[in-house]
Amino acid sequence: MKHLDKNVEPAQAEPAGANRQDIEEWLVERLSERLKVPPGEIDVTVNLARYNLDSMAAVTVVGELEEWLGRSLSPTLFYEHSCIRAVADHLAGGARP
Amino acid sequence: MDNLKTGQQVGASVQAIRHHYDVGNEFYRLWLDPTLTYSGALWDEGDTLETAQIRKMDHHIRESRAGGAARVLDIGCGWGGVLRRLMTAHNVGRAVGLTLSAAQAEWNAKNLPKGAEVRVEGWESHTAAEPYDAIISIGAFEHFARVEMSGPQRVAAYQAFFQRCHELLKPGGRLSLQTFAYGAVRKREQAHASPATQFLAGEIFPETDPPRLVEIAQAIEGSFEIERLRNDRLDYARTCKVWLENLRANASAATDLVGKEVLSRYERYLALSAIGFQTGRLDLYRITLRRADLPA
């Protein structure tokens, strides 16, 4: 868990209960690091293709996400959904709160 | 291109092929299907990986019109799945497979049915007393060019392959070819510069650089006509994802066989490949080619 920020919300420290918003925030933080873009500039409703995330970085982020959530994920996760929010929705079980 | 004349490999060398394919038969058995087919499957509703691989073999057997033929050649026969299918389900008289991998040849020697034969040699040096009725080549063409080769050199290497197939086939005979390729969404230089390509070319498939469709089209001029061409890249994405799931499900046995480092290299390679095919950076072509025989 060394990649987690010290100031994370309690819900993020307990991924078993991670909801859509937790996952969305985690993704924004991780992708902003990878893409070297401030978190505030990442729009969770915009198509991920617009951010030019290269496939090596995508594989790494999915690997970190698997570690955090404690389950296996599709390697093409970021390319099967239209935006970060849709990825988070999918991982949280489909229904938006 | 001097080595063309001497019959040496123009594309990936024997050592490079063995780097990838001789990691060990037991390792590949952990994540491939029971037919040990190591190329993109052809999926239909309700398929398992095994039935999708057999569907793919039957596609190429049908397209090359190999069913019931006397003599069929498989260039890049891997662990012999197509050879076995030809002999056991399609009533072929004699099936000859070529591979550069010693581990594959050794495995085949013990597991192939009567009438099938595997030779450790490249297509450049293969000769046959009689021409073949049909040729199938799945997942070998990717290895015929290296990154450092120029555009014309690559086309010349592919041309030499098609000319050899032309010589080995009866007039009007078919070659059913399956190869992955760079997709048309990016220029070759952009593809080469990507971290994923650097990793794959450096650590997974040394001395190997996939073709582009335009190079294949140029290289068949004078030797083959295209009867059919399909791009089934999503079939390959799905195949890679199932391979990755299988590998992960057998991670402990895989670690015992090849160690953590090789295992994680293969996991990364399969994940990257899945993304490449899913996004169209990579295509999967299945091409039916008919030997061109123009009237004099």
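Remember, predicted model here, so these are calculated numbers, not experimental data.

Attention now moves to the overall build of chain A. Looking only at helices and strands, one finds five helices and zero strands in chain A. Listing each helix as α and each strand as β along chain A from the N terminus yields α-α-α-α-α. Each of the 97 residues in chain A was classed as buried or not, and the buried ones make up 51%. Across chain A, every contact between residues at least 6 apart in sequence was considered, and the portion connecting residues at least 24 apart equals 58%. Carbon together with sulfur atoms contributes 48% to the accessible area of chain A, which is approximately 5,200 Å² in total.

This part covers the state of the cysteines. Put plainly, two cysteines are in a disulfide when a covalent bond ties their sulfur atoms together. Within this structure, the stated rule accounts for zero disulfides over all chains. Its sulfur unpaired, B:Cys77 is 14 Å from the next cysteine sulfur, which belongs to B:Cys165.

Core analysis: the largest hydrophobic core is formed by 71 residues, its most contacted members being A:Phe78, B:Trp31 and B:Tyr38. With 12 residues, the top contributor of residues to this core is helix H12 (residues 251-279) of chain B. Counting 31 residues, the second largest nonpolar core, distinct from the first, contains B:Met149, B:Leu169, B:Phe224 and B:Leu289.

The next subject is the layout of surface pockets. The volume enclosed by the second largest pocket comes to roughly 320 Å³. Class assignment for the residues of the lining of the second largest pocket results in six nonpolar, seven polar and three charged.

To continue, consider the confidence of the model for chain A. Residue and element names in this part refer to chain A. With 78% of its residues at a pLDDT of 70 or more, chain A has an overall mean of 82. For chain A, per-element mean pLDDT is lowest for helix H1 (residues 10-13), which scores 44, and highest for helix H5 (residues 84-91), which scores 94. Low pLDDT (under 50) marks residues 1-14, which in the prediction has 20 contacts with non-local residues, meaning those over four places away or in another chain.

Let's shift gears to the environment of B:Gln198. All names here are of chain B. With respect to the secondary-structure elements, glutamine 198 resides in helix H9 (residues 195-204). If we skip the residues at most four places from it in the chain, glutamine 198 touches His192 and Ala193. Side-chain polar atoms of glutamine 198 contact the backbone oxygen of histidine 192, separated by 2.7 Å.

This part covers the packing of aromatic side chains. All names here are of chain B. A full pass over the atoms with the stated rule returns 26 aromatic pairs over all chains. For the ring pair phenylalanine 141 and phenylalanine 144, a centre distance of 5.4 Å and an interplane angle of 55 degrees mean the geometry is tilted. By the burial criterion, phenylalanine 141 is buried, and phenylalanine 144 matches it. A ring pair is formed by tyrosine 236 and tryptophan 243, whose centres lie 6.0 Å apart and whose planes are at 80 degrees; its orientation type is edge-to-face. Each member of the pair, tyrosine 236 as well as tryptophan 243, is classed as buried. Connected via pairs of aromatic rings, a cluster forms that spans Phe27, Tyr28, Trp31, Tyr38, Trp79, Phe180, Tyr236, Trp243, Tyr266, Tyr269 and Phe277. Residue placement shows arginine 71 over the ring face of tyrosine 132; its charged tip is 4.6 Å from the ring centre.

With that out of the way, let us pick up the pattern of salt bridges. Opposite charge on two side chains allows them to pair when their charged atoms are near. All names here are of chain B. Applying the stated criterion to the full structure yields 29 salt bridges over all chains. The salt bridge involving arginine 286 is made with aspartate 232; its shortest N-O contact spans 2.6 Å. One end of the pair, arginine 286, is in strand S7 (residues 282-291); the other, aspartate 232, is in the loop between strand S6 (224-231) and helix H11 (233-249), with 54 residues separating them in the sequence. Residues arginine 286 and aspartate 232 agree in their burial class; the two are buried.

Procedures and definitions
- Residues numbered from 1 in each chain as written.
- Chains lettered and ligands numbered in written order.
- Predicted model: local features only at pLDDT ≥ 70, side-chain atom pairs only at ≥ 80, totals over all residues.
- Heavy atoms only, no water.
- Helix = DSSP H or I, 4+ residues; strand = E, 2+ residues; numbered from the N terminus.
- Buried < 20%, exposed > 50% of the residue type's maximum accessible area, 1.4 Å probe, protein only.
- Contact = heavy atoms within 4.5 Å.
- Areas by Shrake-Rupley, 256 points an atom, 1.4 Å probe, with all protein chains shown as cover.
- Disulfide = S-S within 2.5 Å.
- Core = buried A, V, L, I, M, F, W, Y, C linked by side-chain atoms within 4.5 Å.
- 1 Å grid on protein atoms, 1.4 Å probe; cavity = no way out; pocket = protein on both sides within 12 Å on 5 of 7 lines; lining within 4 Å.
- Points joined across faces, edges and corners; volume = space filled by probe spheres on them.
- Nonpolar A, V, L, I, M, F, W, Y, C, P; charged D, E, K, R; others polar.
- pLDDT = per-residue confidence, 0-100.
- Polar contact = N/O pair within 3.5 Å; in protein donor to acceptor, adjacent residues only side chain to side chain.
- Phe/Tyr/Trp six-rings, centres within 6.5 Å; stacked < 30°, edge-to-face > 60°.
- Lys NZ or Arg CZ within 6 Å of the ring centre and 35° of its normal.
- Salt bridge = Lys/Arg side-chain N within 4 Å of Asp/Glu carboxyl O.

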